[in-house]
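A closer look at the structure
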Amino acid sequence: MSDAIMYEKIGDIAVLAANNPPVNALGLAVRQGLIDGIERAEKDGAKAVLIYGEGRTFFAGADIREFGKPPAEPFLPDVCTRIEASPLIVVSALHGTALGGGLEIALGSHYRIAVPKARMGLPEVLIGIMPGAGGTQRLPRLIGIDKSLDVITSGRQVGAQEALEMGIIDKIAEGTPREIGLAYAQELIDAAAPRRATSEMPNPAPVDFDALYDAVLKKARGQLAPAVAVRGVQASSELPFAEGMKRERELFMELMATDQREGLIHAFFSERAVGKLPELDGVAPRDLNAIGVIGGGTMGAGIATSALLSGLKVTLLEMNDKAAEAARGRIAGNLQGALKRGKISAAQFTDLTETALNVATDYAALADADLVIEAVFEDMGVKKDVFTKLDAVCKPGAVLASNTSYLDVNEIAACTSRPGDVIGLHFFSPAHVMKLLEIVVADKTALDVVATGFALGKKMSKVSVRAGVCDGFIGNRILSKYRTCADYMILDGASPYQIDAALEKFGFAMGPYAVADLAGLDIGWAVRKRKRAEGMDPRARDFTYADKLCEDGNFGQKTGKGYYDYAAGAKARVPNPEVLPLIEADRATQGITPRAFTDEEILRRYMASMVNEAARVVGEGIAKRPLDVDVTLLYGYGFPRYRGGPMKWADMQGLPALLADIKSWAKDDPYFWEPAPLLEQLVAEGRNFDDLNKDAS
Ligand code: 3HC
Ligand code: NAI
């Protein structure tokens, strides 16, 4: 027997305990151990077999790290079939998260029991595949087509109570999985319960699978796995079990070979890697109980909401009583949303708004804060004034953070007597919803302050990425480059609507012009004015159509019109007829003869500008690894997850071809398209971005 499955016989019950920390993934040793365990139990005079997991969970699925490597026998579907074929009664006792292949092992068992807090599901579509060990064949036989499609195409986790109601499990009991499993197995032996194989249950009644396939494909915005999984479930209804298993295998292998699978698994591991920084090993974060937030506008209110929901006490400081009450109202509105969605109870709402939140106008109220986040106007003078005051009132060791989008955190830190305590914590709007947090480490930021930033992110359930100081850090710096690329394509002949459509087809939730309308066109206008005032590089191109749109009072969704007209609502956007004439006038003034762009060229240029700037960001150490860029774009900028992020996308396209494109465009515009040194270096060495991720791990 392997150590990954421990065998023991207790009375009539053979116990197979999984021991493969941290999540009992079903790697080769575990699969072999299960087969060996069942065979031994059958020879050992046992009447029943109990399968459960030691540690924090039942099996959390196939071992994702084995994907892409040559598969090794025994394969998981055969393990499930072998378990089910046993003449002994097999019971699975679930705790933690029984996911994917883990739930499929349980479905191959004859009876299933779970602790009340157990969660289960078939999340394969979230990593670009579908259940491949009988999940699409057994679950529909057990609970019917509709409920199975819900679980399989969403990949969502189902709590034990709901699973019991759906018929996925037979029983819930309090105790350890070992205790409840042993008791249940004994109960079944005493009752002479029959062996009960899911595969022998009748085929479930069919539904209109073609219509469902189309609907699921549309909802998934270009992601294939959920729709392909529908075809797997269809087989459970139309084919005998063994043939259904073959069909499931074919579809599973098809998805396994896709770039989407590779992209999604890259995203899975990258989002876990971003928080692992060697320099933080063994560095303890500072205490975090009470925080301060300065400025209760869009961002400050969102940050305060997120902090309150994560159990922190918050003091929010505003300029005057009126602004303070308005901020309180914004936070209460956000929390009202959480109450409506059932995230908090009415009692918690009252506690959060009346006890945990304190609004103030006097800096003295921040004297006890462990960490203060400033979210006032984006103006260096105002920020410096705030940090000077914070320096005077905050207790020693308090972390002083800025939520600035673009400003120099080193300059902000330098106006205090404690630059080691100063850090950038860049949240995204709306801050209580968006998961991304850029942790901006300035030259003098102390390591335990960085660790405290990550601790705050974890407490707030954010995905935190370390960034260095530069104009726009990781995300906004790359954003301004690819936005400029789009703006240039408009000058040269593309329309905002064609660009949005091409990028939405690629998988972005919204194209850049729809996003600009949502964020407010006044933001970009202010940036352009600032850059012109600072003196733009003469080699950069400029344009006025977007300014004219703003001068006419069109700021996007909030004014009802921007690039689109929102008279019929945000979803029913239609092109604003005033826009194209403004663009045409701009082209005419600049003497540009417009040319046609294909969707493919739009995508290629947009992505190349993104990747090229990202390569600079990594080359300069602003992002430590390419995966930090990927996670930033995935969580903050609507980059389609199934493409893995821009760096992963670039690797999959091939860096030499991308560099060749950039060089060919550089002939017309050498300033904008100057290749990033890191990109040139990687191509010369025959390496890619993921090699850099591996070097760093
Ligand atoms: N395979 C390999 N490693 C896994 C894994 C898996 N299925 N699931 C988690 N891990 C690793 C993580 O990478 C992490 O490793 P690290 O410590 O080196 O970073 C460690 O286990 C702990 O994971 P988390 O940090 O995510 O721990 P949480 O407690 O937050 O979450 C979890 C646990 C809910 C199990 C979450 O990790 C998860 O959702 N895992 C993926 C589950 C999944 O997709 N299962 C289906 C696999 S595909 C399959 O089964 C195919 C079959 O149908 C044939
Ligand atoms: P906002 O204009 O909505 O809110 C700013 C708030 O700060 C106002 O309520 C104002 O009364 C208050 N304020 C100004 N000066 C103050 C002072 N000296 N003391 C106390 N309160 C003061 O601005 P928003 O959008 O919330 O932005 C705040 C900061 O967050 C800026 O630095 C911005 O760049 C950054 N940011 C903005 C994002 C966005 O999408 N809006 C995203 C990420 C960061």
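Here's what I pulled together on the structure shown here. (Residues numbered from 1 in each chain as written. Chains lettered and ligands numbered in written order. Predicted model: local features only at pLDDT ≥ 70, side-chain atom pairs only at ≥ 80, totals over all residues. Heavy atoms only, no water.)

**Quick look at the packing of aromatic side chains**
Note the following rule: Paired rings are identified among Phe, Tyr and Trp, the last through its six-membered ring, by centres lying within 6.5 Å, and are further divided according to the angle between planes into stacked (under 30 degrees), edge-to-face (over 60) and tilted (the rest). Where helices and strands are cited, they refer to DSSP runs of H or I of at least four residues and of E of at least two residues respectively, numbered from the N terminus. For every residue, the accessible area obtained with a 1.4 Å probe (protein chains only) is divided by the maximum for its type, and the residue is called buried under 20%, exposed over 50%, and partly exposed between those limits.
Per the stated rule, a full pass over the model turns up 18 aromatic pairs. A ring pair is formed by Phe428 and Tyr637, whose centres lie 5.5 Å apart and whose planes are at 80 degrees; its orientation type is edge-to-face. With a gap of 209 residues between them, Phe428 in the loop between strand S15 (422–427) and strand S16 (436–441) and Tyr637 in the loop between helix H25 (626–636) and helix H26 (646–653) connect regions that are remote in the sequence. In this structure Tyr637 comes out as buried when scored by relative accessible area, which is 14%. With centroids separated by 5.3 Å and ring planes inclined at 80 degrees, the aromatic side chains of Phe508 and Phe639 adopt a geometry described as edge-to-face. On the criterion of sequence distance, the pair formed by Phe508 in the loop between helix H19 (496–506) and helix H20 (512–519) and Phe639 in the loop between H25 and H26 is long-range, its members being 131 residues apart. Phe508 sits in the buried class, given a relative accessible area of 4%. Looking at Phe639, the relative accessible area reads 3%, which means it is buried. Through a chain of ring-to-ring contacts, the aromatic side chains of Tyr482, Phe506, Phe508, Tyr606, Phe639 and Trp649 assemble into a single cluster.

**What to know about the site of ligand 2**
Defined as follows: Proximity is defined per residue: if any heavy atom of the residue lies within 4 Å of a molecule or strand, that residue is considered near it. What qualifies as a polar contact is a pair of N or O atoms within 3.5 Å, subject to a donor-acceptor requirement within protein and to the restriction that residues adjacent in sequence count only when both atoms come from side chains. The classification used treats Ala, Val, Leu, Ile, Met, Phe, Trp, Tyr, Cys and Pro as nonpolar, Asp, Glu, Lys and Arg as charged, and all other residues, Gly among them, as polar.
Residues in contact with ligand 2 amount to 22 residues; listed here are only the nearest, Met299, Glu318, Glu378, Lys383 and Ser405. A distance of 3.3 Å is found between an oxygen atom of ligand 2 and a backbone nitrogen or oxygen belonging to Val376. A distance of 2.5 Å separates an oxygen atom of ligand 2 from a polar atom in the side chain of Lys383. Of all elements in the fold, only helix H12 (298–309), helix H15 (380–393) and S15 reach the threshold of two or more residues within the shell around ligand 2. Here the shell around ligand 2 gets 3 residues from one element, more than from any other, and that element is H15. Looking at the shell around ligand 2, its residues break down into 10 nonpolar, 9 polar and 3 charged.

**Considerations on the site of ligand 1**
Our working definition: Working definition of accessibility: Shrake-Rupley area with a 1.4 Å probe, residue cover restricted to the visible protein chains.
Around ligand 1, the structure places 27 residues, and the nearest of them are Arg56, Glu104, Glu124, Arg272 and Lys276. A distance of 3.2 Å is found between an oxygen atom of ligand 1 and a side-chain nitrogen or oxygen belonging to Arg65. Contact with the protein chains covers 76% of the free accessible surface of ligand 1, which is 980 Å². Looking at the shell around ligand 1, the elements that each hand over two or more residues are strand S5 (97–99), helix H3 (101–108) and helix H11 (259–273). With 3 residues, the single largest contributor to the shell around ligand 1 is H11. Of the residues in the shell around ligand 1, the class split is 15 nonpolar, 5 polar and 7 charged.

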